[in-house]
Structures are given as C-alpha cells and as structure tokens.
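# Coordinate analysis (summary)
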Amino acid sequence: MKYVRMPIEIESPEQMGYSTIKNNLSESSYTDTIFKNLNLNMNELVICYGDHVGHPGLRAEILKGESGNLGLDDVLVTAGAASALFIVSTSLLEAGDELVVAKPNYATNIETPKAIGASIKYLPMTFENNFQVDLNELKKLITPKTKLVSLTCPHNPTGTMISEADLKEIIKIVEASNAFLLFDETYRDMSFKFKLPIAASLSDRVISVSSLSKTYGLPGIRIGWLITQNKKLQDLFLAAKEQIFICGSVVDEEIAYRYLARRNDYFPAIKKDMLEKFEITKKWMNQQNIFEWIEPSGGVVCFPRFKKDFHFDSEKFYRILLEDYKTYVGPGHWFEESDRHFRLGFGWPTQNELLNGLKALEQAAQASLKS
Ligand SMILES: Cc1ncc(COP(=O)(O)O)c(C=O)c1O
C-alpha cells in the first residue's frame, strides 16, 4: 500500500480548526449531534471486547423494516463507512487489478484503490449528463478482468441518485461479468423522493456500505457497516476486520444501537430541517446568476459550478470567501475536478449560517471577478 494524504482531509474544517469558520458549508453530513441530547445512561456498560461481527442488537436495528431476505450474518459492523470501503478494496483488489469507479466520488473510493496500485477505469459523471451513471459507458468499461465496480448513491459530491430500474440493470451488467458491485449507500436514508432498497438485498454479487455519520449527524461514533449475502466474501471481510481492529468499540456500538432503536424520536426533526435547508438552497440557486447546479435528489451536498461566462480568479475567490466572509465550501480539487466547481454542504450549518454562507458565495464571487 502506498498511502498519500488526501486534500479533502488535509484541508478539512476539523483539521483547519472550526473556530476559523463561521458559515461551514463544506461538511458532508447533517449537523453533529450533542451527546447530552440523546439522554443515554451507559454507566453499566462493560468495556469489554465486543462481538467481532458487531453488536447483534445493532445489526438487527440496521435491518429493521428493510425489504429482502437479509439476515444478521449478512451485516458486518465497521468503524464508519470509510473502514468498510477500505476492507472491501483491500480484500478484493491487488496491485494491477482492474476496477471501474465513478468519478467524481467520495475521495476514499478512489484513493484506496490507488494506494493498492489497482488499475482504475473512471466512469465519468458529468454536469452535462446531469451527474448520472451512463449505463452504456459502464458496459464499455467492464472487461473480463474487472474485479470491482464502485458506485455511490445518493452520490457525493453531487447528491444525484440512480433509479431503481437502473440499479437493477447495473446489477445485471455486473452479474454478467466477473466483478462485484460495491455500492456506497451512506446517504441512503436521506433520499428526498424515493429510497432504493439496500442494494445487497438484490444480489449476492453486491456489497452495500453505509453508516450513521451522514444522515443522523453521528460521525464521531465511528459506526458504519457493510452488507453482503455472499458468505465467502463476508468471511474474508471479517478476517480483514479482525486483523485491523479485532472488533469495534463497544461504547460506539451501544450508542448506535440505542440511537437506532429510538430513531423515530430523532429522525423526523432531522428530515424536516434537512428539507427546509434544501429548499433554502434551491431558492437561492434559482435567484442568482453566477452559479449553476444539477439539483440533488438526496444526501446533504450538491456540486454547483461557476457559469462559463463568469471570469474569476479561483484562488482569490476561496481566499476571500474564508478570510473576509468566514465561509467554507469544498473546492473542486478535493474531487480532482476544476475549482470552478465546489461542493456545497447544506445540511450541516444552521439555517441562518446557510443563508449567510450562500450570500457570501455571491459576494466573494463578485470580489474575485477578473477585470
Ligand atoms: C459517500 C461516502 N461514503 C463514505 C464516507 C465515510 O464516512 P464515515 O466513515 O464517517 O461513515 C463518506 C464521508 O464523507 C461519504 O461521503
């Protein structure tokens, strides 16, 4: 493995210091939860090694209400979705192995295969194609040597979604090859119009990955999971997990279990606030003429860009935005894209901070116009 730190981590708000930012529109999760508000008494918890697969109650909560024939043994609890993605990539890929991965993407989905030395074929998701997965393009990229196809839905950084019909078609394409489908559905519970089934419930050639970080605002308890019906793969993933962590944190797993058991007490307010923030962003997008976007269908982020005829100095724009307006967004280079794009996270800030941040984007853009 050849590890390289990613710009999205080096320049992340938690590394820069939250105190330098007033309007934080760079986050990819809902507002962080305050522990006190969960009202949990965990004084009796034994701080032992936990179940290697993950707290059984938590695994049951993860599957509660889901369609399909998934069982507790199909779920492996991991330290966030990030470690699930790491486990899948390092278990299935070796240097030189081929994979197809959508681009842009959440950085780890690309960086871990890169660190392994895998041979990456990018499936472009373009503004011009409404940031959709092009099925014909996907078919062209898969060869008999493809080991993994890696997609994210709802997508980070664009918030676009794949329809259920297309997901089923993609699974057929993958099943006709020698590959597995890695489906990063970390934002699945925050879908606006329709929610896809857990992709792993549709085929034993699919591995679903998700977590509590984004939709529920719980990134600090590093709880995620991967799901597959494929017993051989699940054994392999458990071996990887045991070699990295032995088991997860019993404290984190207990919090996650109790949270999910009471999700109906917490989630309606989160969803209401999220949809209001989405409407604020949409209204703003429609009433200014510097930026354009593809409207997201889920998640908490979108990936707008400066309109073509707006000639500006991008270095100056991001500097003024932060220094003068204390506003932060995720520049395109976090996703190996041009800095004309930026990721705008509308779910994390308060509604007031969001409004101020959106206004600041226009002001910083005007201040960085090229004469
Ligand atoms: C699509 C996607 N997958 C996975 C992750 C990893 O999140 P976590 O490890 O906190 O679950 C992120 C974080 O930004 C993400 O956006």
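From a predicted model like this one, the values you see are computed outputs, not experimental measurements.

### With respect to the overall build of the protein
Scanning the protein from terminus to terminus reveals 12 helices and 14 strands. Radius of gyration (C-alpha) of the protein: 20 Å, near the 21 Å computed for a compact globule of 371 residues. Taking all 371 residues of the protein together, 45% fall into the buried category. Within the protein, contacts between residues at least 6 apart in sequence are counted, and of these 75% link residues at least 24 apart.

### Focus on the domain arrangement of the protein
Entries for the protein in the domain assignment read domain 1 (7-28 + 267-367) and domain 2 (38-261). Listed by partner, the interface residues are 21 residues for domain 1 and 20 residues for domain 2. Those elements that place two or more of their residues in the side of domain 1 that touches domain 2 are helix H10 (263-287) and strand S10 (301-302). Per-element accounting of the side of domain 1 that touches domain 2 gives the leading share, three residues, to H10.

### Quick notes on the packing of helix H4 (residues 80-92) against helix H8 (residues 231-244)
Direction vectors running N to C along H4 and H8 enclose 115 degrees, while the axes themselves pass 10 Å from each other. On the basis of their axis angle, the class for H4 and H8 is roughly perpendicular. The crossing of H4 and H8 is right-handed. Taking contact as the criterion, the partners of Ile87, Val88, Thr90 and Ser91 in H4 are, on H8, Leu236, Phe237, Ala240 and Lys241. Its residues assigned to classes, the contact of H4 with H8 comprises five nonpolar, two polar and one charged.

### Here's the deal with the site of the ligand
In the vicinity of the ligand there are 13 residues, among which Gly80, Ala81, Ala82, Ser211 and Ser213 approach most closely. Looking at side-chain class alone, the shell around the ligand contains four nonpolar, eight polar and one charged residues.

### Side note on the nonpolar core
The biggest cluster of nonpolar side chains holds 92 residues, and the ones touching the most others in it are Val88, Val149, Leu182, Ile207, Leu226 and Ala256. Here the element with the most residues in this core is H4; it accounts for eight residues. Setting aside its immediate chain neighbours within four residues, Leu182 contacts Val88, Leu148, Val149, Ser150, Ile207 and Val209.

### A look at unusual backbone geometry
What is expected of a backbone is that most residues other than glycine have negative phi and most peptide bonds are trans. For the bond from Cys153 to Pro154, the omega torsion is -15 degrees, close enough to zero to count as cis. Its location among the elements puts Pro154 in the loop between strand S5 (146-152) and helix H7 (164-175). In this structure, Pro157 follows Asn156 across a cis peptide bond, with omega equal to 20 degrees. Mapped onto the secondary structure, Pro157 falls in the loop between S5 and H7. The phi dihedral of Asn130 is positive, around 55 degrees, even though this residue is not glycine. Inspection of the secondary structure assignment puts Asn130 in the loop between strand S4 (119-124) and helix H6 (135-141). One non-glycine residue, Glu336, adopts positive backbone phi at about 55 degrees. For Glu336, the location among the structural elements is in the loop between strand S13 (330-331) and strand S14 (342-345). What makes Glu336 partly exposed here is the crowd of 15 C-beta atoms within 10 Å.

### Observations regarding the environment of Ile142
With respect to the secondary-structure elements, Ile142 resides in the loop between H6 and S5. Here Ile142 falls in the buried class, since 20 other C-beta atoms lie within 10 Å of it. Distance from Ile142 to Leu260, taken between C-alpha atoms, is 38 Å for residues 118 residues apart in sequence. If we ignore the near neighbours within four places in the chain, the residues touching Ile142 are Val100, Val149, Ile173, Ser177 and Ala179.

### So, the sheet that holds strand S6 (residues 180-184)
Here we have seven strands laid out as an open sheet, ordered S2-S8-S7-S6-S5-S3-S4, and mixed in their pairing. Strands at the two margins of the open sheet, each flanked by one partner only, are strand S2 (75-78) and S4. Looking at each pair of strands side by side, their axes are set apart by 20 degrees on average, direction ignored. Bridge count for S5 against S6 is five bridges, and the pairing is parallel. What sits directly across from Leu148, in S6, is Phe180.

Cut-offs and rules
Residues numbered from 1 in each chain as written. Predicted model: local features only at pLDDT ≥ 70, side-chain atom pairs only at ≥ 80, totals over all residues. Helix = DSSP H or I, 4+ residues; strand = E, 2+ residues; numbered from the N terminus. Rg over C-alpha atoms; globule rule 2.2 N^0.38 Å. Buried ≥ 20, exposed ≤ 12 C-beta atoms within 10 Å, placed from the backbone. Contact = placed C-beta atoms within 7 Å. Domains from an automatic or database assignment. Axes fitted to C-alpha atoms, helices over the stretch in contact; angles between N-to-C directions. Parallel < 35°, antiparallel > 145°, perpendicular 65-115°, else oblique. Left-handed = near helix turned anticlockwise from the far one by under 90°. Nonpolar A, V, L, I, M, F, W, Y, C, P; charged D, E, K, R; others polar. Near = placed C-beta within 6 Å. Core = buried A, V, L, I, M, F, W, Y, C linked by C-beta atoms within 7 Å. Pairing = 2+ DSSP bridges.

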